[in-house]
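A structural walkthrough
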Amino acid sequence: MQAYAFTDVGRYRSINQDYIYSSTAPVGSLDNLFIVADGMGGHNAGDYASRFAVENLVDFFGTKYPEKDIHGILKEGIRKMNRELYYKASSDPSLFGMGSTLVVATVKGNVLYVANIGDSRLYLLRERLEQVTRDHSYVEELVALGKMKRGSRDYMEKRNIITRAIGTDETVDIDLFALKLKPGDYFLMCSDGLSNMVDEFEIEYIIRTEEDLKKKAQALVEAANRGGGRDNISVILAEPQIREVAL
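Quick summary incoming for the structure in this document. Everything numeric here is computed off the predicted structure, so don't read it as measured data.

**Re the sheet that holds strand β7 (residues 121-125)**
- Taken in spatial order, the 5 strands make up an open sheet running β1-β11-β10-β7-β8, and their pairing is antiparallel. Of all strands in the sheet, those with a lone pairing partner are β1 (2-8) and β8 (129-131), marking the two edges. Taken over all neighbouring pairs, the strand axes of this sheet differ in orientation by 20 degrees on average, direction set aside.
- For β7 and β8, the ladder comprises 3 bridges, and the chain directions are antiparallel. Looking at the pairing, L125 lines up with L129 of β8.

Structure (structure tokens):
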């Protein structure tokens, strides 16, 4: 497996409130681990939330849990971290209102396991680029109800309002996915600093270029800055390199 991870402050923000982690080596019971968190909150609160989330998850996952399946490990780690982040926010006035999106992924054999909260995304590129995760956002909930058109002016103005985040409540709902991978697949994890600045056609075009994986990931960040760079930009691009038969 190959993976490259980049995070960039963008063109307008002074602080990077995104925090990422990428390891193709084992982490505890997981064969590899990839995390993107996009913090929210005033002053240093968003920065604190995303860093706290990632560092505490990496610490939790670093312990082996032979009795648990992978989704069980992801759920327990995220729920434990969420409670601790919520208590931090509740006890420190400077951290009130902080929270973070979260998308976590790991590959075992030929299966990609994913957990997400908020609007940071995971895409799978096979025949075409497909969004695997579901945005927990105000606009996407209205789209699902048929009350808003994706890409409309109202959609674009309100697309940053998220309806689910870590650290904002003592409990959190987690979306979980498991997908069988095929040879030639790529997956992309990103904060909305990429997905709001670069359309999916360009994202797919960049990943399909003949450049090496590192240059593809860098090109995605560069495209987001060219597109406006209005937010922090985080990208993890991975090529699982699945064989025809994976046990």
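**Thoughts on the pairing of strand β11 (residues 233-239)**
- Within β11, 6 of the 7 residues are buried, leaving the element largely enclosed by the surrounding structure.
- Sheet analysis places β1 next to β11, joined by 7 bridges and oriented antiparallel. Bridge pairing in β11 places A3 opposite A238.
- Pairing geometry for strand β10 (residues 186-190) and β11, over 4 bridges, is antiparallel. Directly across from M189, in β11, lies its bridge partner I236.

**A short note on helix α6 (residues 200-208)**
- If you check which residues of α6 are buried, you get I203, E204, I206 and I207. Here the buried residues of α6 occupy an arc of 160 degrees about the axis, which is enough to place them on one side. Along α6, the residues that are exposed and aim more than 90 degrees away from the buried face are F201 and Y205.
- If you follow the buried residues of α6, they end up packed against β7, β8, β10, α5 (192-195), α7 (213-226) and β11.
- Where α6 starts, the residue carrying a side-chain oxygen 3.1 Å from the main-chain nitrogen of F201 turns out to be D199.

Rules used in this analysis
- Residues numbered from 1 in each chain as written.
- Predicted model: local features only at pLDDT ≥ 70, side-chain atom pairs only at ≥ 80, totals over all residues.
- Heavy atoms only, no water.
- Pairing = 2+ DSSP bridges.
- Helix = DSSP H or I, 4+ residues; strand = E, 2+ residues; numbered from the N terminus.
- Axes fitted to C-alpha atoms, helices over the stretch in contact; angles between N-to-C directions.
- Buried < 20%, exposed > 50% of the residue type's maximum accessible area, 1.4 Å probe, protein only.
- Arc of directions from axis to C-beta.
- Contact = heavy atoms within 4.5 Å.
- Polar contact = N/O pair within 3.5 Å; in protein donor to acceptor, adjacent residues only side chain to side chain.

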